[in-house]
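Residue-level structural notes
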Amino acid sequence: MKQDELKQQAALAALDYIPDNGILGIGSGSTVNLFIAALASKAHLLETTVASSVASFNLLKQYKIPVAEFNQVGNIDVYIDGADEINPHFQMIKGGGGCLLREKILATAAKKFVCIADESKLVTALGAFPVAIEVLPMAQSYVARELVKLGGLPVLREGFLTDNHNIILDVHDLPLHEPLALEEKLAAIPGVLGSGLFAHRPADSLLLATKLGVQVKERR
């Protein structure tokens, strides 16, 4: 079974998590795009949605799904998003698409975080995928030096600005054996606005699409 077919399975399974007359947070990325397409037929069940990126916001509008700005709503009932990597503790690396800061805000605000992914994203230990860091442009050099001190190899994502008009440093080789502590260290660097390491806010549920069907896993 092709990866796109697995992503479609995970996206469809997430429809069971739509909150009746509630507020649904929507992440970003290829799997989420499939979910948005599937959500169109059930949008009437929702109060509204909140998007983590301009791209997702525009796609929701395209499918005529109600969407509001985050400041216009209260708490998010359910947040649905993908992952670049997710470990057995449901901690993740996200940010391949560059929307990590807004994604982390919505995930943290949500009562329930549902991760949708294909089986290639489940790993025993995080770290094969680089950790994206959103950085204030004027602090690029300083932040890069601090990341090197932590053992990382930062690489500027060329020709890319986030929806917040900041730059991304993709950091390879960070020591990820203690994700909680590392996330705190990254957040403490002046100029870092957010990291793609989701350790303090792991997913609550994982819908993992495999060749044998979608496995539903709950964080213990």
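Here, every reference points to the structure presented above.
Now for a description of the structure that goes with this document. Fair warning: this is a prediction, and the values are worked out from it, not measured in the lab.

**Looking at the overall build of the protein chain**
The secondary structure content of the protein chain amounts to six helices and 14 strands. Over its C-alpha atoms the protein chain spans a radius of gyration of 17 Å, differing by no more than 12% from the 17 Å that the globule rule assigns to 220 residues. Judged by the C-alpha coordinates and their principal axes, the protein chain covers about 50 × 40 × 30 Å. In the protein chain, buried positions account for 53% of the 220 residues.

**Topic: the sheet that holds strand E1 (residues 23–26)**
The strands that make up a sheet pair up through hydrogen bonds in the backbone, lying either parallel or antiparallel. Strand order in the open sheet formed by seven strands is E3-E2-E1-E4-E7-E13-E14, and the pairing between neighbours is mixed. Each having just a single partner strand, strand E3 (67–68) and strand E14 (213–218) make up the two edges of the open sheet. Where strand E4 (residues 76–81) meets strand E7 (residues 110–118), five bridges bridge the pair, whose relative direction is parallel. Its bridge partner being in E7, Tyr 79 is matched across the sheet by Phe 113. Here helix H3 (residues 54–62) sits on the sheet in contact with E1, strand E2 (48–51) and E3, set at roughly 150 degrees to E2.

**Describing the pairing of strand E8 (residues 131–135)**
Burial runs high along E8: five of the five residues are buried. Alternating residues of E8 divide into Val 131, Ile 133 and Val 135 and Ala 132 and Glu 134, and every residue in both groups is buried. By the bridge criterion, five bridges tie E8 to strand E10 (residues 167–172) in an arrangement that is antiparallel. Each bridged residue has a counterpart across the sheet, and for Val 131 the counterpart in E10 is Val 171. Both E8 and strand E11 (residues 192–195) contribute to a ladder of three bridges, which runs antiparallel. Its bridge partner being in E11, Val 135 is matched across the sheet by Val 192.

**Some details on the pattern of salt bridges**
Under the definition given, this model contains eleven salt bridges. Here Lys 94 makes a salt bridge to Asp 81, at a shortest N to O gap of 2.9 Å. Taken together, the residues span a long stretch of sequence, with Lys 94 in the loop between strand E6 (92–93) and helix H4 (100–109) and Asp 81 in strand E4 at a distance of 13 residues. Take Lys 94: its relative accessible area is 3%, and that puts it in the buried class. Owing to a relative accessible area of 0%, Asp 81 belongs among the buried residues under this scheme. Here Lys 121 ties to Asp 118 by a salt bridge, and the two come within 3.0 Å at their closest N and O atoms. Accessibility classification places Lys 121 together with Asp 118 in one group, the buried group. Put simply, Asp 81, Lys 94 and Glu 103 are held in one network by salt bridges that share partners.

**What to know about the state of the cysteines**
Covalent bonding between the sulfur atoms of two cysteines is what defines a disulfide. A complete count under the given rule lists zero disulfides for this structure. Of all cysteine sulfurs in the structure, the one in Cys 115 sits closest to Cys 99, which takes part in no disulfide; the separation is 15 Å. Its relative accessible area of 14% is what places Cys 99 among the buried residues. A relative accessible area of 0% means that Cys 115 is categorised as buried.

Cut-offs and rules
Residues numbered from 1 in each chain as written. Predicted model: local features only at pLDDT ≥ 70, side-chain atom pairs only at ≥ 80, totals over all residues. Heavy atoms only, no water. Helix = DSSP H or I, 4+ residues; strand = E, 2+ residues; numbered from the N terminus. Rg over C-alpha atoms; globule rule 2.2 N^0.38 Å. Buried < 20%, exposed > 50% of the residue type's maximum accessible area, 1.4 Å probe, protein only. Pairing = 2+ DSSP bridges. Contact = heavy atoms within 4.5 Å. Axes fitted to C-alpha atoms, helices over the stretch in contact; angles between N-to-C directions. Salt bridge = Lys/Arg side-chain N within 4 Å of Asp/Glu carboxyl O. Disulfide = S-S within 2.5 Å.

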